[in-house]
Amino acid sequence: MYDTTSLQQFTALEPIVFENSTVLFLVSMPSVKSEEHKMYFGDPANHFWPVLGAIYNMPYASDEEKLAICQTHGIAIWSVVKSCLRHMSREDTMRDIVLNDINGFLQAHPSIQKIICVSHGAQRLLNESNFMENIPVEYVPSPSGADLDYESVDRLTPRYKEALENE
């Protein structure tokens, strides 16, 4: 349990997006570690970058290498939530949620042809947003090291690869 007086204000990171981005990975809100590192999926226990590294056979040790994966393969990353109060990185404690303008983002980046929600929470929040575009949306399990159903890169990689191939 958590004490509601311990909720802290969080603001999402800027999106990672390139002119050639065709796939948008949406998270609910970056973790505390991601905020500290100023990089999506910045927690070393998170499997997102190792999964993409395995799919594309590219290095992912540095932020520059992570961005190279995204730029080379047309990947954008953003948060559904613009700001919220939250206890640490716990999605289930988010309060006073302000959502990002997903439609405006998609209109500004018309090359994006698919959204992949990286958790059920991200998918639920997308449905609560102003999203009304005619773009397919797919779900993949959270790459968080805390997700015990998909605790390894080997279990996540086929799910992410399938979502990326269905583009």
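Our structure's up above, just so we're on the same page.
These remarks concern the structure in this document. Everything quoted here is computed from the prediction, not taken from an experiment. (Residues numbered from 1 in each chain as written. Predicted model: local features only at pLDDT ≥ 70, side-chain atom pairs only at ≥ 80, totals over all residues. Heavy atoms only, no water.)

Attention now moves to the sheet that holds strand β3 (residues 75-79). In spatial order, the strands read β3-β2-β6-β7; together these 4 strands make up an open sheet with parallel pairing. A strand with exactly one partner marks an edge of an open sheet, and here the two such strands are β3 and β7 (137-140). Taken over all neighbouring pairs, the strand axes of this sheet differ in orientation by 25 degrees on average, direction set aside. In the sheet, strand β2 (residues 23-27) pairs with β3 via 5 bridges, with the strands oriented parallel. Looking at β3, one finds that Phe25 is bridged to Ile77. Docked against the sheet, helix α6 (residues 153-165) engages β2, β6 (114-118) and β7, running at close to 170 degrees with respect to β7. (Pairing = 2+ DSSP bridges. Helix = DSSP H or I, 4+ residues; strand = E, 2+ residues; numbered from the N terminus. Axes fitted to C-alpha atoms, helices over the stretch in contact; angles between N-to-C directions. Contact = heavy atoms within 4.5 Å.)

Once that is clear, we can look at the side chain of Ser21. Take Ser21: it is sitting in the loop between β1 (8-11) and β2. In terms of polar contacts, Ser21 uses its side chain to reach the backbone amide nitrogen of Phe18, at 2.9 Å. Once residues lying within four places of it in the same chain are set aside, the contact partners of Ser21 are Gly74, Ile75, Ala76, Ser111 and Ile112. (Polar contact = N/O pair within 3.5 Å; in protein donor to acceptor, adjacent residues only side chain to side chain.)

For helix α2 (residues 48-56), the buried fraction is high: 7 of the 9 residues fall into the buried class. Next to the buried residues of α2 lie β2, α3 (63-72), β3 and α6. (Buried < 20%, exposed > 50% of the residue type's maximum accessible area, 1.4 Å probe, protein only.)

Moving on, we come to the environment of Glu65. With respect to the element layout, Glu65 can be found in helix α3. Owing to a relative accessible area of 27%, Glu65 belongs among the partly exposed residues under this scheme. Between the C-alpha atoms of Glu65 and Gly53, which are 12 residues apart in sequence, the distance is 9.4 Å. Dropping the residues within four chain positions of it, Glu65 is found in contact with Pro59 and Tyr60.

Our focus in this paragraph is the nonpolar core. Grouped together as the largest cluster of nonpolar side chains are 45 residues, with contacts concentrated most on Leu24, Phe25, Ile77, Leu106, Ile115 and Tyr160. Apart from the residues within four sequence positions on either side, Leu24 is in contact with Ala76, Ile77, Trp78, Phe105, Leu106, Ile112, Lys114, Ile115 and Ile116. (Core = buried A, V, L, I, M, F, W, Y, C linked by side-chain atoms within 4.5 Å.)

With that out of the way, let us pick up the environment of Ile16. Inspection of the secondary structure assignment puts Ile16 in the loop between β1 and β2. In this structure the C-alpha to C-alpha distance between Ile16 and Trp78, which are 62 residues apart in sequence, comes to 6.5 Å.

Now for unusual backbone geometry. The phi dihedral of Asn57 falls on the positive side, at around 50 degrees, and the residue is not glycine. For Asn57, the position within the fold is in the loop between α2 and α3. Asn57 gets classed as exposed once you look at its relative accessible area, which sits at 71%.

Coordinates in, geometry out; function isn't part of it.
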